[in-house]
Amino acid sequence: VVAAASSAATPDGSVLYAGNCAGCHSAKAEGAVGPALKVVGGWSAADFRHAVLDGKAPEGRTLGVVMPRFATTGLDGAPPTDTQLDAIQAYVKTLP
């Protein structure tokens, strides 16, 4: 018996990052229109989600207006999931 692939497979953080973040933060998260993302490696998952979804840094600072509020805009046209956001943060942590 062959089991069907799960539709809830772990998302690829590098693909999500490339399609939703790299345009502003650069392919290696070094910064461009948006800032470098090295700092997010030290953020908790909750802090990262709040920044991505609502445009708020952990210390309460509002992120720039060019930063999409992904809670409203979505990722790839759909509401973001915690699993997707975790995958993006995990990918960013792998970058030098």
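Preceding block: the structure.
All values reported here derive from a predicted model rather than from experimental measurement.

Rules behind the numbers
- Residues numbered from 1 in each chain as written.
- Predicted model: local features only at pLDDT ≥ 70, side-chain atom pairs only at ≥ 80, totals over all residues.
- Heavy atoms only, no water.
- Helix = DSSP H or I, 4+ residues; strand = E, 2+ residues; numbered from the N terminus.
- Rg over C-alpha atoms; globule rule 2.2 N^0.38 Å.
- Buried < 20%, exposed > 50% of the residue type's maximum accessible area, 1.4 Å probe, protein only.
- Contact = heavy atoms within 4.5 Å.
- Areas by Shrake-Rupley, 256 points an atom, 1.4 Å probe, with all protein chains shown as cover.
- Lys, Arg positive; Asp, Glu negative; His and termini not counted.
- Charge placed at Lys NZ, Arg CZ, Asp CG, Glu CD.
- Phe/Tyr/Trp six-rings, centres within 6.5 Å; stacked < 30°, edge-to-face > 60°.
- Patch = residues over 30% accessible without salt bridge, like charges linked within 9 Å, V, L, I, M, F, W, Y side chains within 5 Å.
- Salt bridge = Lys/Arg side-chain N within 4 Å of Asp/Glu carboxyl O.
- Core = buried A, V, L, I, M, F, W, Y, C linked by side-chain atoms within 4.5 Å.
- Expected span 1.5 Å × (residues − 1).

1. So, the overall build of the protein
- Counting its regular elements, the protein contains five helices and zero strands.
- For 96 residues, the compact-globule estimate of 2.2 N^0.38 gives 12 Å, and the protein sits close to it at 14 Å.
- Dimensions of the protein, computed from the C-alpha atoms along their principal axes, are close to 55 × 30 × 25 Å.
- Taking all 96 residues of the protein together, 33% fall into the buried category.
- When contacts within the protein are restricted to residue pairs at least 6 apart in sequence, those whose partners lie at least 24 apart make up 45%.
- When the accessible surface of the protein is summed, it comes to about 5800 Å², and 60% of that surface belongs to carbon and sulfur atoms.
- Side chains of the protein give 7 positive and 8 negative charges; the mean places of these two sets differ by 6 Å.

2. Some words on the packing of aromatic side chains
- Taken as a whole and assessed by the stated rule, the structure comprises one aromatic pair.
- On the numbers, 5.6 Å between centres and 45 degrees between planes, the contact of Y17 with Y91 is tilted. You can see Y17 sitting in helix α1 (residues 13-20) and its partner Y91 sitting in helix α5 (residues 82-94), a full 74 residues away along the chain.
- Taking relative accessible area as the criterion, Y17 reaches 1% and is therefore assigned buried.

3. Thoughts on a nonpolar patch on the surface
- Nonpolar side chains collect at one region of the surface, where V33, V65 and V66 lie side by side and expose about 340 Å² of accessible area between them.
- Take V65: it is sitting in the loop between α3 (45-54) and α4 (70-73).
- Judged by relative accessible area, V65 falls into the exposed class, the value being 83%.

4. Quick word on α3
- Those residues of α3 lying buried are F48, A51, V52 and L53.
- Looking at the buried residues of α3, the elements they touch are α4 and α5.
- G55 lies just past α3 and shows a positive phi near 70 degrees.

5. What about the nonpolar core?
- If you look at the biggest cluster of nonpolar residues, it comprises 21 residues, and the most contacted ones within it are Y17, L37, V40, F48, F70, I88 and V92.
- A per-element tally of this core places α3 first, with four residues.
- Excluding residues that lie within four positions of it along the chain, V40 makes contacts with F48, Q89 and V92.

6. Focus on the environment of T81
- Its place among the elements puts T81 in the loop between α4 and α5.
- Remark: the alpha-carbon pair of T81 and A18, spanning 63 residues in sequence, is separated by 17 Å.

7. Description of α5
- If you check α5, its first and last C-alpha atoms are 19 Å apart, about what 13 residues at 1.5 Å a residue would give, namely 18 Å.
- Where α5 is concerned, the buried positions are Q84, L85, A87, I88, Q89 and V92.
- Along its buried surface, α5 packs onto α1 and α3.

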